[in-house]
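Architecture and fold: a report
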Amino acid sequence: MNAEMAVAKAAGVAVRRAAFWWCVALGAAVVATMAFWPAFRGASGISQAIDSLPQPVIQAFGLQDFGSPAGFLRGNLYELLVPLLFSIAAVALVNGQTASDESAGRMELFLAQAIDRRGLFVARLVACMVALLLIIVTTIVVQVVADALLDVSIQPGYVIATAVLCGLLAALFGSVAYLVACLAARPSLVLAVGIGLLIGGYLVAALFPVAELLKPWAVISPWNWALGGNPLENPTEPWRLAALALTSLVLIVVGTAVVTRRDVTAP
Amino acid sequence: MAESVLNIEGLVKRYGGSVEAVRGIDLDIRAGEVFGFLGPNGAGKSTTIRCVLGLLAPTAGRMTAFGVDLVHDGVAVRKRIAYVPGELRLPERMTGAQLAATIGEMRGGFEVGRQHQLVERLTIDMERPIRSLSTGNRRKIALLLAFASNADLLILDEPTSGLDPLMQREFLVLVREAKARGATTFLSSHVLSEVQHIADRVAVLRSGKVVASGTVDELRRSARQRVEVWFEDQPSVDEFAGIAGLAEVRMDDGRLTAVLTGSVQPLLQCLVKHRVASILVEEPDLEDAFLDLYTAPVTQ
């Protein structure tokens, strides 16, 4: 366990800087967005302008009730921006600590020590997930403080639950990246699959409900699992948390099981 | 005979089902010896080492270290092995000190005094980020990590690549010290002079096969030697044409020139039939011997 702990600590140091800048970026995005809230609060003109858009467009971009606190947060942050940035951060961090490091040959010295390859990969994943947790916590803290300062009348519990769901969504796509990295140490493939599924999943969740024929299939998207219940206005259904967490767990277990079945890549 | 530390039997490594990087290697490295593993680039030296360390899965063959199967129980036995990679890529953002702390922790801790001593001997700036270090200084950090560990088996793949001559000499001292404390060294290199200085035994690898093995002296004896003989009589060149080990035979005005491989005895038996004025057998050139091994066709 000493070896795994040492690897996790070293990986933590390696992702520290990236995690800091992601925290700054997410915090800045929240602050910048919330700065516009006073202008939107109760502005019926904006709501009327949005209402004049076709209903499918409003639905696809999460612009319902844009003048309300929940509608403002959903439309500007939690429908796309925050989950997207969380997920990109997760995929990038995991890719950097696994496929990218391995393909560059920087993992070889560590793997030559008394550590199981599975232990090393899991230790590095844990470091990435801790970094993701820091990013999520920072976002929640900035959001809750901004809500309080700007008198945004929304239940903090709903905001926290929404951010947690976004975080679990990011963890799922980070786990996808992990699985691909365990299968093949090809950073470009990891990014392509991770980001590709992220975007594809968003399109499924956002656009399928617009078409009657595709509407029932929107549920195949993890985005739908995370945000389909409108968690800024409704209590979070436990199955949504469980589906995201369990899928991530399955991806991690499968990746960890297969990582020893291939050769370590040399530069 | 000392106990076997690293034993490799019939190692084969095939990539993608077709490219055969290693084609049936047998090696037996004994406790306390320095074993030179020579061969040109692409001979399969690094592939063999990466199989030993569990980085590559062998296609066939059996490998044990300290009597433990390396494929199934490699993790446990790697506690006793220290490794310097040939293609050295270290974490760029870490400092040497941070990397030493991490690797030390993975190995159960380096002895602090030993680490400091090595830092001084190798003149390493441990506080600078690795990305700002030269190739040679990165190599010195890798050597520090290997020699600070007090491992029983040192696997060193092209360990002096990028080092200046002073550090190359210091490296040889470190290997001798490791040998003195009973450690075994598996030294892969294509620098003949380095191996010939410290290796007890060597194996020469070419195109994935061991083409020669033995002590440096044994290999030297098997090397080609230039022979010149001056005669007082005028023997026919045909008399020397069929002598075992003699090639490129020429007779020019009572002076025989030829290249001899192996024992000089068959030639001497022929020479005693003549009146020999003078004879010169040049010291075998070890470098030529290895170049021959590097370039000779490999038997399938």
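To be clear, the structure that these remarks concern was listed above.
Residues numbered from 1 in each chain as written. Chains lettered and ligands numbered in written order. Predicted model: local features only at pLDDT ≥ 70, side-chain atom pairs only at ≥ 80, totals over all residues.

**Here we look at the sheet that holds strand 10 (residues 209-214) of chain B**
Residues and elements named next belong to chain B. Spatially, the six strands line up as an open sheet ordered 6-7-8-3-9-10, and their pairing is mixed. Two strands in the sheet have a free side with no partner beyond their single neighbour: strand 6 (81-84) and strand 10. Averaged over neighbouring strand pairs, the angle between their axes works out to 15° when direction is ignored. Across five bridges, the pairing between strand 7 (residues 153-157) and strand 8 (residues 184-189) is parallel. Across the sheet, the residue bridging to Leu154 is Thr185, located in strand 8. Of the strands in this sheet, strand 3 (34-38), strand 7, strand 8 and strand 9 (201-206) are in contact with helix 1 (residues 45-52), which crosses strand 7 at around 145°. (Pairing = 2+ DSSP bridges. Helix = DSSP H or I, 4+ residues; strand = E, 2+ residues; numbered from the N terminus. Axes fitted to C-alpha atoms, helices over the stretch in contact; angles between N-to-C directions. Contact = placed C-beta atoms within 7 Å.)

**Overview of the packing of helix 10 (residues 156-183) of chain A against helix 11 (residues 187-207) of chain A**
Residue and element names in this part refer to chain A. It is the contact of helix 10 with helix 11, at a shortest axis distance of 9 Å, that shows an interaxial angle of 150°. Relative to helix 11, the element helix 10 lies roughly antiparallel. The handedness of the crossing between helix 10 and helix 11 is right-handed. When helix 10 is examined against helix 11, the residues Phe173, Val176, Ala177, Val180 and Ala181 are found in contact with a partner set consisting of Leu189, Val190, Val193, Gly194, Leu197 and Leu198. Residues that form the contact of helix 10 with helix 11 fall into these classes: ten nonpolar, one polar and no charged. (Parallel < 35°, antiparallel > 145°, perpendicular 65-115°, else oblique. Left-handed = near helix turned anticlockwise from the far one by under 90°. Nonpolar A, V, L, I, M, F, W, Y, C, P; charged D, E, K, R; others polar.)

**A short note on the packing of helix 1 (residues 2-34) of chain A against helix 9 (residues 117-149) of chain A**
Residues and elements named next belong to chain A. Their axes nearest at 7 Å, the elements helix 1 and helix 9 cross at an angle of 25°. In terms of orientation, helix 1 and helix 9 fall into the roughly parallel class. Of the two elements, helix 1 crosses helix 9, and the hand of that crossing is right-handed. For the contact of helix 1 with helix 9, the residue count by class is 23 nonpolar, six polar and two charged.

These figures capture arrangement, not role.
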